[in-house]
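# Coordinate inspection notes
One letter stands for each residue in the lines below.
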Amino acid sequence: MRLSILQYGDPVLRAKGKRIDPIDDRIRDLAANMIETMHAANGVGLAAQQIGEAIQLTVLDVSQVEDRPTTMKLNGQEVDPKSVMPLVLVNPQVELGREIEPGTEGCLSFPEVTGEIDRAKSIHVRAQDLDGAAIEIETAGFLARAIQHEVDHLNGILFIDRMSSAAKTSLSSKLKKLQKETQHGLKHRQRAVAETTL
Ligand code: ZN
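Heads up: these notes are all about the structure in this document. (Residues numbered from 1 in each chain as written. Predicted model: local features only at pLDDT ≥ 70, side-chain atom pairs only at ≥ 80, totals over all residues. Heavy atoms only, no water.)

## Notes on the nonpolar core
Core analysis: the largest hydrophobic core is formed by 20 residues, its most contacted members being Leu60, Leu87, Leu89, Val125, Ile137, Leu143 and Ile147. If you list the elements that add at least two residues to this core, you get β3 (70–74), β5 (87–96), β8 (122–128), β9 (134–141) and α2 (142–154). Considering every element that reaches this core, the biggest residue donor is α2, with 6 residues. Excluding anything up to four places from it in sequence, Leu89 contacts Gln56, Leu57, Thr58, Leu60, Val125, Ala127, Gln128, Ile135, Ile137 and Ile147. Counting residues in hydrophobic clusters, the runner-up holds 17 residues, among them Ile27, Ala31, Met38 and Ile55. (Core = buried A, V, L, I, M, F, W, Y, C linked by side-chain atoms within 4.5 Å. Buried < 20%, exposed > 50% of the residue type's maximum accessible area, 1.4 Å probe, protein only. Helix = DSSP H or I, 4+ residues; strand = E, 2+ residues; numbered from the N terminus. Contact = heavy atoms within 4.5 Å.)

Right under this line is the structure:
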């Protein structure tokens with residue numbers, strides 16, 4: 001089932017995600033719906049906050065990205081990243097490598113906004129899969145960037161927070177407009193709920 005993706009201005013995007021325990025069928029269904037939603041929107045990642053749930057769950061799929069390479073080890077074994085996509089991370093913890101590189105990012109919660117963001121080139125991730133098994137990922141390149149972007153979402157951090165102040169200033173009218181549209185939509189939804197519950 002496709003879910004609707006929250007846009008900038010929705011307060012859930014600023015909420016820190018709760019740790020998931022236990023990992024049950026509700027979480028597995030949610031992850032499946034998030035993967036469907038991400039694919040339908042041509043995204044490479046989607047965090048639970050973006051579909052209205054402040055929990056530590058994110059899905060990724062970088063298999064269609066040909067021009068931005070990724071290297072990856074899963075549980076100590078070198079793997080072809082494409083062979084493990086889509087990737088679901090539950091309760092991820094990220095350790096950043098020292099080397100930083102700039103790169104262009106967009107976000108499904110910010111239509112038509114892109115920006116240059118500095119991120120660690122390589123990361124070490126500990127997480128759980130949907131069976132609750134511990135997984136360990138070492139990755140560099142595009143997947144490392146995508147995971148950092150998604151894990152930021154799980155902590156209520158958005159990519160605009162990591163843009164230079166000059167970049168943010170040049171986007172400010174676009175961001176204000178988006179925020180206004182979202183708030184208008186939220187009011188509308190609340191009114192619709194009130195009308196149906198009367
Ligand atoms: Zn995003």
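So that's the structure; there's more coming.
## Things to note about the sheet that holds strand β2 (residues 57–60)
With antiparallel pairing, the 7 strands of this open sheet are ordered in space as β1-β2-β5-β8-β9-β3-β4. For this open sheet the edge positions go to β1 (45–47) and β4 (77–78), each flanked by a neighbour on one side alone. Bridge analysis of β3 against β4 gives 2 bridges, and the strand direction is antiparallel. When the sheet's bridge partners are listed, Lys73 is paired in β4 with Glu78. (Pairing = 2+ DSSP bridges.)

## Observations regarding the pattern of salt bridges
All told, the structure shown has 11 salt bridges when counted by the stated rule. In this structure, Arg119 and Asp152 form a salt bridge, with 2.9 Å as the shortest nitrogen-oxygen distance. On the criterion of sequence distance, the pair formed by Arg119 in strand β7 (residues 110–120) and Asp152 in helix α2 is long-range, its members being 33 residues apart. Per residue, the accessibility class of Arg119 equals that of Asp152, and both read buried. With a shortest N-O distance of 2.5 Å, Asp152 and Arg162 are connected by a salt bridge. Residue Asp152 is found in helix α2, and its partner Arg162 is found in the loop between α2 and α3 (165–197); the two are separated by 10 residues along the sequence. Taking the relative accessible area as the measure of exposure, Asp152 reaches 8% and is therefore buried. (Salt bridge = Lys/Arg side-chain N within 4 Å of Asp/Glu carboxyl O.)

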